[in-house]
Amino acid sequence: MWRKVSLVVALGDGQNRNLSEREYHDISDGTMDSLTESLEKLVEQQGDDWEVEYSSGVLTLKLGSQGTYVINKQPPNKEIWLSSPVSGPKRYSYDAKEQTWFYPRDESTMKGLLEKELTDVVGETEVKLDC
């Protein structure tokens, strides 16, 4: 088990190191912009106690009494970090082949986690994000 986890982490780190600084910023900025737009649409549907804000590489999604998500770029590591009121903190690496941000410890995607957790919070319809 230990070797498998170590291998996955090394693979994730290696994929991020292959990105140039410019590529990282282009990809992560595009992800954050798309995610912000998707979340703004969701917030409009949910009412006044939800709020989304994106500034200086930090996206904050406030869900009223349900908690707050914070998603931010981490340029030194070429990662995106996510703090969830449901699942806690995670550090996402970019998989250029799959063109997605994934969590090396369990290979889940940032998009998949957000869609599942937000669908659970909304409860009525399935949440689909563009990121």
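The model shown is predicted, which means the values in this text are computed figures rather than measured ones. (Residues numbered from 1 in each chain as written. Predicted model: local features only at pLDDT ≥ 70, side-chain atom pairs only at ≥ 80, totals over all residues. Heavy atoms only, no water.)

## Some thoughts on the packing of helix α2 (residues 21–46) against helix α3 (residues 110–122)
For step 1, the next point in the chain: Remark: α2 packs on α3, axes separated minimally by 13 Å, with the N-to-C direction vectors making an angle of 5 degrees. The orientation of α2 with respect to α3, classified from their angle, is roughly parallel. Note on element contacts: α3 touches α2 through Met110, Leu114, Leu118 and Val122, opposite Thr31, Leu35, Leu39, Leu42 and Gln46.
For step 2, the next point in the chain: For the contact of α2 with α3, the residue count by class is seven nonpolar, two polar and no charged. (Axes fitted to C-alpha atoms, helices over the stretch in contact; angles between N-to-C directions. Helix = DSSP H or I, 4+ residues; strand = E, 2+ residues; numbered from the N terminus. Parallel < 35°, antiparallel > 145°, perpendicular 65-115°, else oblique. Contact = heavy atoms within 4.5 Å. Nonpolar A, V, L, I, M, F, W, Y, C, P; charged D, E, K, R; others polar.)

## Points about a negative patch on the surface
For step 1, the next point in the chain: The grouping of Asp33, Glu37, Glu40, Glu44 and Asp130 at the surface amounts to a negative patch.
For step 2, the next point in the chain: Checked against the element boundaries, Asp33 lands in helix α2.
For step 3, the next point in the chain: Exposure remark for Asp33: the relative accessible area of 39% places this residue in the partly exposed category. (Patch = residues over 30% accessible without salt bridge, like charges linked within 9 Å, V, L, I, M, F, W, Y side chains within 5 Å. Areas by Shrake-Rupley, 256 points an atom, 1.4 Å probe, with all protein chains shown as cover. Salt bridge = Lys/Arg side-chain N within 4 Å of Asp/Glu carboxyl O. Lys, Arg positive; Asp, Glu negative; His and termini not counted. Charge placed at Lys NZ, Arg CZ, Asp CG, Glu CD. Buried < 20%, exposed > 50% of the residue type's maximum accessible area, 1.4 Å probe, protein only.)

## Concerning the confidence of the model for the chain
For step 1, the next point in the chain: Across the chain, the average pLDDT comes to 87, with 87% of residues at or above 70.
For step 2, the next point in the chain: Counted against residues more than four places away or in other chains, residues 1–14, with its pLDDT under 50, gives seven contacts. (pLDDT = per-residue confidence, 0-100.)

## Describing unusual backbone geometry
The general pattern is negative phi for most residues beyond glycine and trans for most peptide bonds.
For step 1, the next point in the chain: Here Lys78, not a glycine, exhibits a phi torsion of approximately 55 degrees, which is positive.
For step 2, the next point in the chain: The buried category is assigned to Lys78, whose relative accessible area is 18%.
For step 3, the next point in the chain: Although it is not a glycine, Glu107 adopts a positive phi angle of roughly 65 degrees.
For step 4, the next point in the chain: With respect to the helices and strands, the residue Glu107 is situated in the loop between β6 (100–103) and β7 (108–109).

## So, the sheet that holds strand β3 (residues 68–74)
Hydrogen bonds along the backbone pair up the strands of a sheet, which may run parallel or antiparallel.
For step 1, the next point in the chain: Spatial strand order, β1-β2-β3-β4-β5-β6-β7: seven strands in an open sheet with antiparallel pairing. The open sheet is flanked by β1 (50–55) and β7, the only strands paired with a single partner.
For step 2, the next point in the chain: Relative to strand β5 (residues 88–95), strand β4 (residues 79–84) is paired through five bridges, and the arrangement is antiparallel. Paired with Ile80 across the strands is Tyr92, a residue of β5.
For step 3, the next point in the chain: Contacts from α2 reach β1, β2 (58–63), β3, β4, β5 and β6, with the element oriented near 160 degrees to β1. (Pairing = 2+ DSSP bridges.)

## Re α3
For step 1, the next point in the chain: Its 13 residues place the ends of α3 18 Å apart at the C-alpha level, agreeing with the 18 Å of an ideal helix rising 1.5 Å per residue.
For step 2, the next point in the chain: Within α3, burial applies to Met110, Leu113, Leu114, Glu115, Glu117, Leu118 and Val122.
For step 3, the next point in the chain: Taken from the residues just after α3, Gly123 is the one with a positive phi, measuring 75 degrees. (Expected span 1.5 Å × (residues − 1).)

## Structural notes on the nonpolar core
For step 1, the next point in the chain: Counting 27 residues, the largest nonpolar core has Leu39, Leu61, Ile71, Leu82, Met110, Leu114 and Leu118 as the members making the most contacts within it.
For step 2, the next point in the chain: Counting residues per element, the ones that place at least two in this core are α2, β1, β2, β3, β4, β5, β6 and α3.
For step 3, the next point in the chain: The element contributing the most residues to this core is α2, with six residues.
For step 4, the next point in the chain: For Leu114, the residues in contact, after removing those within four places along its chain, are Leu35, Tyr69, Ile71, Leu82 and Leu129. (Core = buried A, V, L, I, M, F, W, Y, C linked by side-chain atoms within 4.5 Å.)

## Here's the deal with the pattern of salt bridges
Opposite charge on two side chains lets them pair, provided their charged atoms get close.
For step 1, the next point in the chain: Applying the stated rule across the entire model yields six salt bridges.
For step 2, the next point in the chain: In this structure, Asp29 engages Lys73 in a salt bridge whose closest nitrogen and oxygen atoms are separated by 2.5 Å. Placement of the pair is Asp29 in helix α2 and Lys73 in strand β3, with a sequence separation of 44 residues.
For step 3, the next point in the chain: You can call Lys73 buried: its relative accessible area is 13%.
For step 4, the next point in the chain: With a shortest N-O distance of 3.4 Å, Glu126 and Lys128 are connected by a salt bridge. Taken individually, Glu126 and Lys128 each receive the classification exposed, so the pair is uniform in this respect.

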